[in-house]
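Examination of the molecular architecture
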Amino acid sequence: MRKPVMAGNWKMNCDNEEAEELANGVTARAGLNEKVQVVLCPPATALTTVGKVIANSNIALGAQNMFWEESGAYTGELSAQMLLSCGCEYVIVGHSERRGRFGSVDEDEADDLAAVFGDTDATVNRKARAALAAGLKPIICCGELLAERQEGKTDEVVVAQVKAALEGISADDLANVTFAYEPVWAIGTGEVCDADEANRVCELIRGTVGDMYSADLADEMRVLYGGSVKPANVRGLMEQEHIDGGLVGGASLDADSFGELITAAEEIRGQ
Ligand code: PGA
């Protein structure tokens, strides 16, 4: 059986003081939870602070991004080894806020966040492979844009992203991979994907992995849903067969609401 995951992606929020307070709040509510794998992904500047708060708990630390090279002249980037040395166990890879879908950025495009950051399917794959090689567990994000959904291309886009992300990854390493289906139009918009539809796409991701590896390995792999998960909708999502948890942005910034998500995951899917 797959252990459910509730991962908080704090994005570019919380200085060290705020991060410590939020981590303390989550630890007080869920630090000893053994039925749900809680993961906190603060900004890189707060990894060490949060790592100290959760050190004696069952909560795991995750980073929001990494670079695939081990070291060198890459200003502003962080290696897998650096994240491990901060105590990270997980790393989010290929979040839509980091995937540039349209190549280079001109000055007049600089306000378009989707184009500013440069991840492509190929760099997502490099990051996932480098994470696994170093001993980090990648949470690989995939999901379609609104226009792609409207054009009926959701399945095609998601399957292509999953296949590209897993290129060259061994069956042994697959055991440390988690996917997160995050329809881009549902992120930070308050617009949650219908639970049945989210389940259908999560099943599609599992099926794609099953075709690439084996049904047994796909059955063990965790697939999360992300995009406006909150206390009001988490139960409907967690009741779905193929949704093993959430990758949560906004609602993870409040210890009470994140605590409610963890409780729901435990009650519905905890073993
Ligand atoms: P949201 O973000 O919960 O604020 O929609 C989810 C995510 O981007 O991972």
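The present account deals with the structure reproduced in this document. Remember, predicted model here, so these are calculated numbers, not experimental data. (Residues numbered from 1 in each chain as written. Predicted model: local features only at pLDDT ≥ 70, side-chain atom pairs only at ≥ 80, totals over all residues. Heavy atoms only, no water.)

**Topic: the nonpolar core**
Counting residues in each nonpolar core, the largest one holds 68 residues, and the members touching the most others are Met6 and Phe179. Those residues in contact with methionine 6, other than ones at most four positions away along the chain, are Val36, Gln37, Val38, Val39, Val234, Met238, Gly246, Val248, Phe258, Leu261, Ile262 and Ala265. Residues Ala7, Cys41, Ile92 and Cys141 belong to the second largest nonpolar core, which totals twelve residues. (Core = buried A, V, L, I, M, F, W, Y, C linked by side-chain atoms within 4.5 Å. Buried < 20%, exposed > 50% of the residue type's maximum accessible area, 1.4 Å probe, protein only. Contact = heavy atoms within 4.5 Å.)

**Digging into the site of the ligand**
Taken together, 13 residues lie near the ligand, and Lys11, His95, Glu182, Gly188 and Ser228 sit nearest. A distance of 2.6 Å separates an oxygen atom of the ligand from a polar side-chain atom of histidine 95. Glycine 250 is positioned with one of its backbone polar atoms (N or O) 2.9 Å from an oxygen atom of the ligand. For the ligand, whose accessible area on its own is 280 Å², the fraction buried by protein is 95%. Structurally, the ligand is housed in the second largest pocket. When the residues that make up the shell around the ligand are grouped by side-chain class, the tally is four nonpolar, seven polar and two charged. (Near = heavy atom within 4 Å. Polar contact = N/O pair within 3.5 Å; in protein donor to acceptor, adjacent residues only side chain to side chain. Areas by Shrake-Rupley, 256 points an atom, 1.4 Å probe, with all protein chains shown as cover. 1 Å grid on protein atoms, 1.4 Å probe; cavity = no way out; pocket = protein on both sides within 12 Å on 5 of 7 lines; lining within 4 Å. Sits in = over half its atoms within 2 Å of the grid points. Nonpolar A, V, L, I, M, F, W, Y, C, P; charged D, E, K, R; others polar.)

**Details of a negative patch on the surface**
Judged by side-chain charge, Asp15, Glu17, Glu18, Glu20 and Glu21 come together as a negatively charged surface patch. Within the secondary structure, aspartate 15 is located in the loop between strand S1 (5-9) and helix H1 (16-30). (Patch = residues over 30% accessible without salt bridge, like charges linked within 9 Å, V, L, I, M, F, W, Y side chains within 5 Å. Salt bridge = Lys/Arg side-chain N within 4 Å of Asp/Glu carboxyl O. Lys, Arg positive; Asp, Glu negative; His and termini not counted. Charge placed at Lys NZ, Arg CZ, Asp CG, Glu CD. Helix = DSSP H or I, 4+ residues; strand = E, 2+ residues; numbered from the N terminus.)

**Focus on the pairing of strand S2 (residues 37-41)**
Most of S2 is tucked away: five of the five residues are buried. Here S2 shows no split at all, with Gln37, Val39 and Cys41 on one side and Val38 and Leu40 on the other all buried. Inspection of the sheet shows S1 paired to S2 by five bridges, in the parallel sense. Bridged to asparagine 9 within S2 is cysteine 41. Handedness of the crossover joining S1 and S2 through H1 is recorded here as right-handed. (Pairing = 2+ DSSP bridges. Right-handed = clockwise from strand over helix to strand, strands pointing away.)

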